[in-house]
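Structural description and commentary
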Amino acid sequence: MSASTLSSRTVLVTGATSGIGYETARQLAERGATVLLHGRTSEETQAAADRLMATAGIRADRLAPYFADFSRLEEVETLARTIITAHPHLDVLVNNAGMAAPERHTVTADGNEIAFQVNFLAHYLLTCLLEPALTSDPGGRVVNVSSSLHRTASIQWADPNRSRRYSRLAAYAQSQLALTVFAADPRVAAVSVHPGVCDTALLPVYAHEGVGAAEGAAHVVRLCDPAVEIVNGAYYDRDERVEPAPAATEDRTVRRLNKLADLLVGRTA
């Protein structure tokens, strides 16, 4: 990949303080992009920016740290407002922040099951709020870091918070399916990518061993490059475009999910 195609791009990477997000931010910045780093707290995000400058030789003007706790939707709204003010034009949004669902059913202050909110609803809200910046020029795109586990999932429409029957694996898979379905939304060109099973904090959900986070991040970075043409709603397993779960290609499901998400994040159409 040539540096030139990324050198004037501005990219927001959520969950950029560790794992695939951190490596994605590093690779983008090394190729000349201006990277808006998102982390859960101001301290974590600043530490990640400092580490990128110290270990990867990234210039300070290539990085801009932002923070928001995705388990609080009001922080997501503040983050979006702050970013739109500072960067009215955004080329790429990488929806990467994620967590494994906890052992016990956990509900956020906003009333949503925590993995569904952190992995999907917060990204849904952020993408909707950043739409003006992403569409200020043609070519803006969204890259959702999803998971092959979305294939095992179903969205529990009547009980998306899984308060009646909770399983951490089913909750995690549901959040990944929702994120993958959301890529087919027509508002902003978007794709989903399963970066492979990587040795990150999410590894225990999948397996005992994985490839390095840098290898997974390379698949994400490739899809950020405007030289790589994308089809809205496409799903990639690493660098290969494959069919996602059938639900992710159904217009009806996309519309139904948007309606549910709007309700859960308190957006009124």
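Further up the page is the structure itself.
Presented here is a report on the structure given in the accompanying data block. Predicted model, so just to flag it, every value in this text is computed and none were measured.

Below, the discussion takes up the overall build of the protein chain. A tally of helices and strands in the protein chain yields 8 helices and 8 strands. Its C-alpha radius of gyration of 17 Å places the protein chain within 12% of the 18 Å reference for a compact globule of 269 residues. Over its C-alpha atoms, taken along the principal directions, the protein chain stretches across nearly 50 × 40 × 35 Å. Burial status across the protein chain gives 54% buried among its 269 residues. Sequence separation of at least 24 residues holds for 75% of the intrachain contacts in the protein chain that already meet a minimum separation of 6. Element-wise, carbon and sulfur atoms account for 50% of the exposed surface of the protein chain, whose accessible area totals about 11,600 Å². Distance between charge centres in the protein chain, computed from 25 positive and 30 negative side chains, equals 4 Å.

Rolled over the atoms, a probe sized like a water molecule indicates the empty space that remains. Tallying each qualifying case throughout the model produces 1 cavity of 30 Å³ or more. Of the voids in this model, the largest cavity is the one considered here, and its volume is about 90 Å³. As for the largest cavity, its lining consists of Thr127, Cys128, Glu131, Val142, Asn144, Phe182, Ala183, Asp185, Arg187, Val188 and Ala190. The set of elements that each furnish at least two residues to the lining of the largest cavity consists of α4 (114–134) and β5 (141–145). In terms of residue count, α4 provides more of the lining of the largest cavity than any other element does, 3 residues in total. Taken together, the residues of the lining of the largest cavity break down into 6 nonpolar, 2 polar and 3 charged.

This part takes up the pairing of strand β3 (residues 63–67). Two elements, strand β2 (residues 34–39) and β3, share 5 bridges in a ladder whose sense is parallel. In the sheet register, Leu37 faces β3, and the bridge partner there is Pro65. Taken together, β2, helix α2 (residues 42–56) and β3 constitute a β-α-β crossover, and its handedness is right-handed.

Moving on, we get to unusual backbone geometry. Glycine aside, negative phi is the norm for most residues, and most peptide bonds take the trans geometry. Its identity is not glycine, yet Arg162 carries a phi of approximately 50°, on the positive side. For Arg162, the location among the structural elements is in the loop between β5 and α5 (168–182). When its relative accessible area of 6% is taken as the criterion, Arg162 is described as buried. Backbone geometry places Arg238, a non-glycine residue, at a positive phi of 55°. Relative to the elements of secondary structure, Arg238 occurs in the loop between β7 (235–237) and β8 (240–242).

Position of Gln176 relative to the elements: it lies in helix α5. With a relative accessible area of 4%, Gln176 lands in the buried category. When neighbours within four sequence positions are excluded, Gln176 is seen to be in contact with Asn119, Val145, Ser146, Ser147 and His150.

Another point: helix α1 (residues 19–30). Compared with an ideal rise of 1.5 Å per residue, which puts 12 residues at 16 Å, α1 spans 17 Å between its outermost C-alpha atoms and is within 8% of the ideal. Buried residues dominate α1, accounting for 10 of its 12 residues. Buried within α1 we find Ile20, Gly21, Tyr22, Glu23, Thr24, Ala25, Arg26, Gln27, Leu28 and Ala29. Buried residues in α1 make contact with β1 (10–13), β2, α2, β3 and α7 (213–224). Taken from the residues just after α1, Gly32 is the one with a positive phi, measuring 95°.

Here we come to the layout of surface pockets. Taken as a whole, the second largest pocket holds about 200 Å³ of empty space. Lining the second largest pocket we find 18 residues, and of these Ala184, Gly233, Ala248, Thr249 and Asp251 sit closest to its centre. If you list the elements that add at least two residues to the lining of the second largest pocket, you get β8 and α8 (251–265).

Criteria and cut-off values
- Residues numbered from 1 in each chain as written.
- Predicted model: local features only at pLDDT ≥ 70, side-chain atom pairs only at ≥ 80, totals over all residues.
- Heavy atoms only, no water.
- Helix = DSSP H or I, 4+ residues; strand = E, 2+ residues; numbered from the N terminus.
- Rg over C-alpha atoms; globule rule 2.2 N^0.38 Å.
- Buried < 20%, exposed > 50% of the residue type's maximum accessible area, 1.4 Å probe, protein only.
- Contact = heavy atoms within 4.5 Å.
- Areas by Shrake-Rupley, 256 points an atom, 1.4 Å probe, with all protein chains shown as cover.
- Lys, Arg positive; Asp, Glu negative; His and termini not counted.
- Charge placed at Lys NZ, Arg CZ, Asp CG, Glu CD.
- 1 Å grid on protein atoms, 1.4 Å probe; cavity = no way out; pocket = protein on both sides within 12 Å on 5 of 7 lines; lining within 4 Å.
- Points joined across faces, edges and corners; volume = space filled by probe spheres on them.
- Nonpolar A, V, L, I, M, F, W, Y, C, P; charged D, E, K, R; others polar.
- Pairing = 2+ DSSP bridges.
- Right-handed = clockwise from strand over helix to strand, strands pointing away.
- Expected span 1.5 Å × (residues − 1).

Honestly, it's all geometry; don't read function into it.
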